Structures are given as structure tokens and as C-alpha cells.
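Take a look at the letters that make up each chain.
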Amino acid sequence: MSTELLDRPPTVTESTPREKRRVLLAAFSGTTIEWYDFYLYGTAAALIFNVQFFPSESAFASTIASYASLGVGFLARPLGGIIAGHLGDRIGRKSLLVASLLLMGVASFFIGLVPNYAAIGWWAAAALVFLRLVQGLAAGAEWGGSALLSVEHAPANRRGLFGSFTQIGSAAGMLLATGAFVVVQSLTTDEQFAAFGWRIPFLFSVVLVVIGLWIRLGVRDAPEFRELKESGRTERTPVAVIITQHWRPLLITIAQRIAQNSIYFLITVYVLSYLVDTHGDSQAGVQAVMIASAVGILTTPFWGWLSDAFGRKPVTVFGYVAIAAFVWIFFAYLSGDSLALLPLLVILGMNIAHDAVYGPQAAWFAEQFPVEVRYSGVSMGYQIGSVIGGGIMPMVAALLFQLGGGTPWLICAYVTFISLISLTATLLARDPRKAELRAERALRQ
């Protein structure tokens, strides 16, 4: 495979303005609903699943079991990404996005119906883990298709901004998920929340899925992919082509994903239980994450736009340096007595450090692979990195907290270490947008 082909960014036969608007709405709304369902589980794992489904004489053991069930969903994501990548590179992006949304919605709805341990014993935990696996398969299929649908419809100088509409879905989904729990907690007593209140956000997902399906069924694949399919040039085995011919960008995207996803789940999942253990507060963390998620709806496209203006690499380098520094500041603050500034600290970590990496990510990952294997490439890189990064982060953080004698400094050292790995991958990655900017400046001269 030639270097020129490897460096080639998405090329676009221009979509109509109406198509672009519908695609951006579909990317945002569909991904928001998918991540709402996926993040509901993370919030519930930190707040309620430990006692509802994994009771034991040790609170620590129950927490670890709850976080392990959260990680199971991440283990299924690469498989979902591989299956969706293979089919998406052969039959199209839209079909897989509709299927993933349906699968996620059904799994989330049934999580809201599963009897707890007191009712059916360990069968409850088994059912919960199975449904989490289904969620993982759906999430693995979702991101790559949504990212490509938006990026492949984008003008060349707006890929970062268009791709960020898929990324905004993560912030909006987390906002909905945490907001749903805040509302339910405020309207129920602790006993009512444990008895039935936590189920309401999961059952509500069926309404959101119907809305998302209506929007997604109205879009079509980008002209670039339709032309490829009509010409009969789709790859028969895109996953094999990625592994044998595009292994370098695959490894780079995996490594770039690790620290970004880790800091996200450290803040949005582990810190919720950390605050309960250290401050006896079950709501301050949820509220801070909800505020930062709302801010992320604005900051995510800002960072995507900034990567269009200055290139993906400098923006992402800033983000990883900020993540490595932020984690020390964050836990130093949490070691004190007051949580008054917690929302501000979470905004610093989520909307400045994390979003600087996450905003440009959809466009940059898409730019690493040619259209024939792009769905497989971005899905594998994104989802494998998610397992190594975010999937195990809450459990790793809980273990490191214990190993550190009840102090968070081993957690900080771990996040700094993986940030250096992701930073190295960032420096090694190709940045087609940077080359385009140089060409644009040369033409103006």
C-alpha cells in the first residue's frame, strides 16, 4: 500500500446542505441516545448496582464486582466494532447505525426490568452482565459508523467540526444519564430510589430510541462511500486488510484512545464512589459531571473547529499534556474537606483537557484510513483503546487506591504514565489536516 494512499484523508463528493444538516442531527441525536444508555450503567454501577446485584460482607468487594460488570461491556466493544466494521465497509454506514441503536435500546430497557439479587440470587447478576455485553456490542458498532457518516459528508476544511457532532453525543448522553439520576434521586427517598427509582432512567430509554430511529432512517451514506459501493470496489475482508496493511495507524489510534478514555471514566464513574467513601457525598460528583457534560456540548465542537484551523496534532498534544497535569491537581483538591469548587475542577478536566483530545478524534481517526476499510479501522482502534483505557479504569483506580494505603497518588501516577503513551502515539500520527493547511497557505502566497 503506497504512502500516498495511507495519508489520504476522506474525499467528498459534495452532499447537499439539507443532507448535511440531517446527517449532523442524526450523528448527534443517535449517538446521544446510545451513550445515554451506555453511561446509565456506569452511573448506576457507582451508585446502586454494588448493593442491588453484588452484595457481600465487604463493601470493597461489592464495588469491585460492580465495576467489573461495567468493564464487561467494554470487552464486547471490539467485537461489536469488528462485526460492524466488516459489514459497514461492505453494505454501508447507515444500516449498522440503525441496528446498533435498536440493540442498545432493547438491552437498556431490559436492564430496568431485571430483578435484583434479593429476588433471584446470582441469576440477577448473570442477567445484568449479559445485558451489559449486549450494550457493549451495540456501542462497538455505533461510534465508527456515526463518526464516518458525519466526517464523510463534511467539506475538507470542516471535518473536525463535523466529526465533533458525533463526539458531542458523548457529552449530551452523559448529561441525560446523570440528569436522569439527579431528577429521580430528588423525587424519591433513598429507600424508594433503591427499590425502584434507579430503574426509571433505563425504562425511559425506549422513548429516546424511537426518536433516534426516526431521525436516522432519514439519512443516507455519503457520496464517497456510495460511489465506492456502486463501482464494486468494496473490500471482501476489510478487517484482514487493516491488520496486514494498516497496522501502524491501527496501533496509533489504539494508543491515542487510552488516556483520553481513562480520564473520562475516572472522573465520571470512579470519582462518584470515591466521593461517597471519602466525603460521604453521593450527589456532588453526579451534579459536577452533569454540569461539565452540559459545557461539553459547546467545548467539544470548539476543539474540533480548532483542529480544522491549526491541525489535529497540536490541539491533541495540548490535551494529553493537560490530562497528565490535571489528575494531580484534581486529587490534591479532593483530598481536602470542601467540595465547593468541584464543578470547576471537573470542567477543567473534562472540557479543557479531555475535550481537546476528544473533539478532533472522529476526524483524525477517519483520516488515518482509506474509505475501503475506514469503518473497520476506526472501529477497531477506538474500541480496543476503549477496553485498555476506560473499560478497566474504575476497577484499576479502586485497586490502586487500596494499594496506595487509602491515598490517590498511585492513581495519578498511572494516569500520567498512560498519558505519555498516548502523547507518543499522537506525535507519531500523520496529520493530513496540517498538510492541507500548508498547501492552503502556499496557494495564498
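Residues numbered from 1 in each chain as written. Predicted model: local features only at pLDDT ≥ 70, side-chain atom pairs only at ≥ 80, totals over all residues. Heavy atoms only, no water.

Asker: Any details on the packing of aromatic side chains? Residues and values, ideally.
Answerer: On inspection of all chains with the given rule, the structure shows 21 aromatic pairs. Ring geometry for Y117 and W122: centres 4.8 Å apart, planes at 70°, overall edge-to-face. Both rings, one in W143 and one in Y382, keep their centres 3.8 Å apart while their planes meet at 5°; by these two values the pair is stacked. Of the two residues, W143 is situated in helix α7 (residues 122-152) and Y382 in helix α18 (residues 374-391); the sequence distance between them amounts to 239 residues. Exposure remark for W143: the relative accessible area of 0% places this residue in the buried category. A residue is classified by how much of its surface remains accessible, and Y382, at 1% relative accessible area, is buried. An aromatic cluster of three or more residues is present, and its members are Y270, Y274, F326, F330, F331 and F401. Above the plane of the ring of W214 lies R22, whose end atom (NZ or CZ) is 5.3 Å from the centre. Positioned over the ring face of Y382 is R257, at 3.5 Å from the centre of the ring. (Phe/Tyr/Trp six-rings, centres within 6.5 Å; stacked < 30°, edge-to-face > 60°. Helix = DSSP H or I, 4+ residues; strand = E, 2+ residues; numbered from the N terminus. Buried < 20%, exposed > 50% of the residue type's maximum accessible area, 1.4 Å probe, protein only. Lys NZ or Arg CZ within 6 Å of the ring centre and 35° of its normal.)

Asker: So what's going on with the pattern of salt bridges? Residues and values would help.
Answerer: With the rule as written, the count across this model stands at seven salt bridges. Across the pair R312 and E367 runs a salt bridge whose closest N-O atoms are separated by 2.7 Å. Highlighted residues: R312 in helix α15 (residues 312-334) and E367 in the loop between α17 (361-366) and α18, separated in sequence by 55 residues. Neither residue differs from the other here; R312 and E367 are each classed as buried. (Salt bridge = Lys/Arg side-chain N within 4 Å of Asp/Glu carboxyl O.)

Asker: I'd love a proper account of helix α13 (residues 247-279), names of residues and values included.
Answerer: For α13, which comprises 33 residues, the first-to-last C-alpha distance of 46 Å matches the rise-based estimate of 48 Å (1.5 Å per residue) to within 8%. The positive-phi residue at the C-terminal boundary of α13 is G280, with phi of around 65°. (Expected span 1.5 Å × (residues − 1).)

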